[in-house]
There are 2 protein chains.
Amino acid sequence: MTPNQPTARVRKSPEQVREAVHQAVIDLLSDPAGEDLNIPAIAHRAGVNHTSLYRRWGSLDALLADVVTTRLERDSPLGDTGSLRGDLLAWAGASAASIRTPQGRALVRAVILSMPSNVEARGQDERTEHFRRRMHSIEQIRRRATARGEHPPPLEQILDQLVAPFYLRAIFGIDLPATGYPELLVDRLLGPGAEQGPATAG
Amino acid sequence: MTPNQPTARVRKSPEQVREAVHQAVIDLLSDPAGEDLNIPAIAHRAGVNHTSLYRRWGSLDALLADVVTTRLERDSPLGDTGSLRGDLLAWAGASAASIRTPQGRALVRAVILSMPSNVEARGQDERTEHFRRRMHSIEQIRRRATARGEHPPPLEQILDQLVAPFYLRAIFGIDLPATGYPELLVDRLLGPGAEQGPATAG
């Protein structure tokens, strides 16, 4: 199972392999040259043998899911701001900063690509569960709000009004408004903040 | 799936080839078995030679863009309902009906996949233009509203509040609410209809 190595190559630890492979995925997805994303291309870019990728992750879907979960958690270790509005603004601010970068947009594409390709064959419960895992930080924000005695909107409403716009803009490469976009989306979701006048969204 | 047929094959007209190829794309994208979407697989499924696909469309991106443009126009020949709200409700109703079917969700995935893979290398203007072509029917609704003397929201706001939720739900296979979803989204976008009380979105 060990790959042939004619020349001496520094053997990577499993954690180093994982990091190199994750980085290769992000690099390939954000590369303007647009190389195809597949296991051999990822292995080549990461400098590891592709058989070890199949052994470790089993499939491209599973590898992408691992990248997404790891990166999303690393990139958004969102602290408790003390209020639902504050937490949602922090989430939206982090998302806005992220999708202003090619790597951030690549991550969104990875989320989409990591949906099982046979998603149609799965039950609604399993699809929803898959999505909930991706929406871990939103669920966390909702739980904290409930624990404070606040009444967060249902997950599906947050999805429609706060999450969906970031996905669509990332997918199509549509620029965000230069300023105030997190506030605009959160005001649309929760109504305008107490310190503000009536909503003039738009 | 069908084995090669060495027996006499009926020669297809260019229009029949196009239809067979388009159908093959939709079939592959909505197939639970999740076969990879590439030119040879599409050619095989359509029963045509893959060299003719490369000759006609040049690339998978271009083929997908053709499928999307054709199908979206055929599936949504939206008439003038006489008001901005009516037109948006009709658009949202057609979108809801569409993404309740595997073929409709496949079409959304085709829209996403048809984004040039080197989208990052293109300028913002070109990305926006690409998206505007996909959003042809929304632009038409906006133009009609303006001609009536109505004041439609900016394209980006319609995108965030009306289009994005359909995309996200199609991508992740999240069921729509059983009833009233078009009305819910349009009310969030325009404010509640004149015949209704104050907004209680959620």
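Since we're looking at a predicted model, the values are computed, not measured.

Student: Break down the overall build of chain A for me, citing the residues and quoting the values.
Tutor: On a plain count of helices and strands, chain A comes out with 10 helices and zero strands. Each helix and strand of chain A, ordered N terminal to C terminal, gives the series α-α-α-α-α-α-α-α-α-α. Residues counted as buried form 48% of the 202 residues belonging to chain A. Taking the intrachain contacts of chain A between residues at least 6 apart in sequence as the baseline, contacts between residues at least 24 apart amount to 63%. Surface summary for chain A: the accessible area is close to 9800 Å², and the carbon and sulfur share equals 53%.

Student: So what's going on with the pattern of salt bridges? Which residues, and what values?
Tutor: Residues and elements named next belong to chain A. All chains considered together, the criterion is met by 24 salt bridges over all chains. A salt bridge links D87 to R144; the nearest nitrogen and oxygen atoms lie 3.0 Å apart. Highlighted residues: D87 in helix 5 (residues 84–99) and R144 in helix 8 (residues 136–148), separated in sequence by 57 residues. The exposure classification of D87 matches that of R144, with both residues buried. R142 is the partner of E139 in a salt bridge, and the nearest nitrogen-oxygen pair spans 3.5 Å. Of this pair, E139 and R142 both sit in helix 8, three residues apart, which is roughly one turn of the helix. A relative accessible area of 13% places E139 in the buried class. Accessibility expressed as a relative area gives 21% for R142, which makes it partly exposed.

Student: Please provide a residue-by-residue account of the packing of aromatic side chains, values included.
Tutor: In the structure shown here, the tally under the stated rule is four aromatic pairs over all chains. Aromatic pair F166 of chain B and Y181 of chain B: ring centres 5.6 Å apart, planes at 80 degrees, arrangement edge-to-face. Of this pair, F166 of chain B sits in helix 9 (residues 155–172) while Y181 of chain B is found in helix 10 (residues 181–190), placing the two residues 15 residues apart along the sequence. Residue F166 of chain B is classed as buried on the basis of its relative accessible area of 3%. Look at Y181 of chain B and you get buried, because its relative accessible area is 1%. Members of the aromatic cluster, joined through ring pairs, are W91, F166 and Y181 of chain A.

Student: Give a detailed account of helix 5 (residues 84–99) of chain B, specifying residues and quantitative values.
Tutor: Given a rise of 1.5 Å per residue, 16 residues ought to cover 22 Å, and the 22 Å separating the end C-alpha atoms of helix 5 of chain B matches this to within 8%. Listing the buried residues of helix 5 of chain B in full gives L84, D87, L88, W91, A92, S95, A96 and I99 of chain B.

Student: Tell me about the side chain of D187 of chain A, residues and numbers included.
Tutor: Residues and elements named next belong to chain A. Residue position: D187 is located in helix 10 (residues 181–190). We classify D187 as buried; its relative accessible area is 19%. A polar side-chain atom of D187 sits 2.8 Å from a polar atom in the side chain of R85.

Student: Quick one: what's the story with the confidence of the model for chain A, residue by residue and with numbers?
Tutor: Residues and elements named next belong to chain A. With 74% of its residues at a pLDDT of at least 70, chain A reaches an overall mean of 79. Highest mean pLDDT in chain A belongs to helix 10 (96); lowest belongs to helix 7 (residues 124–134) (64). Under a pLDDT of 50 for its full length, residues 195–202 has, in the predicted model, 11 contacts with residues more than four places off or in other chains. This complex was scored by the predictor with a pTM of 0.73 and an ipTM of 0.72.

Student: Tell me about the packing of helix 2 (residues 39–46) of chain A against helix 3 (residues 50–57) of chain A, and name the residues and values.
Tutor: Residue and element names in this part refer to chain A. Between helix 2 and helix 3, whose axes approach to 8 Å, the crossing angle comes to 115 degrees. As helix 2 packs across helix 3, the resulting crossing turns out to be right-handed. For the pair helix 2 and helix 3, the contacting residues are I39, P40, I42 and A43 in the first and H50, L53 and Y54 in the second. Split into classes, the residues belonging to the contact of helix 2 with helix 3 amount to six nonpolar, one polar and no charged.

Student: Tell me what's going on with the packing of helix 9 (residues 155–172) of chain A against helix 10 of chain B, and back it up with residues and numbers.
Tutor: In contact at an axis separation of 13 Å, helix 9 of chain A and helix 10 of chain B are set at 50 degrees when each is read in the N-to-C sense. Relative to helix 10 of chain B, the element helix 9 of chain A is oriented oblique. Crossing handedness for the pair helix 9 of chain A and helix 10 of chain B: right-handed. Counting all contacts with helix 9 of chain A, which are made through Q157, D160 and Q161 of chain A, the residues of helix 10 of chain B involved are Y181, L185 and R188 of chain B. Of the residues contributing to the contact of helix 9 of chain A with helix 10 of chain B, the split by class is two nonpolar, two polar and two charged.

Student: Summarise the environment of G79 of chain A; cite the residues concerned and give the values.
Tutor: Residue and element names in this part refer to chain A. The residue G79 is located in the loop between helix 4 (60–75) and helix 5 in this model. Measuring from C-alpha to C-alpha, the distance between G79 and L64 comes to 26 Å, with 15 residues separating the pair along the chain. Here G79 is in contact with D87 and R144, once residues within four sequence places are set aside.

So, how was this worked out
- Residues numbered from 1 in each chain as written.
- Chains lettered and ligands numbered in written order.
- Predicted model: local features only at pLDDT ≥ 70, side-chain atom pairs only at ≥ 80, totals over all residues.
- Heavy atoms only, no water.
- Helix = DSSP H or I, 4+ residues; strand = E, 2+ residues; numbered from the N terminus.
- Buried < 20%, exposed > 50% of the residue type's maximum accessible area, 1.4 Å probe, protein only.
- Contact = heavy atoms within 4.5 Å.
- Areas by Shrake-Rupley, 256 points an atom, 1.4 Å probe, with all protein chains shown as cover.
- Salt bridge = Lys/Arg side-chain N within 4 Å of Asp/Glu carboxyl O.
- Phe/Tyr/Trp six-rings, centres within 6.5 Å; stacked < 30°, edge-to-face > 60°.
- Expected span 1.5 Å × (residues − 1).
- Polar contact = N/O pair within 3.5 Å; in protein donor to acceptor, adjacent residues only side chain to side chain.
- pLDDT = per-residue confidence, 0-100.
- Axes fitted to C-alpha atoms, helices over the stretch in contact; angles between N-to-C directions.
- Left-handed = near helix turned anticlockwise from the far one by under 90°.
- Nonpolar A, V, L, I, M, F, W, Y, C, P; charged D, E, K, R; others polar.
- Parallel < 35°, antiparallel > 145°, perpendicular 65-115°, else oblique.

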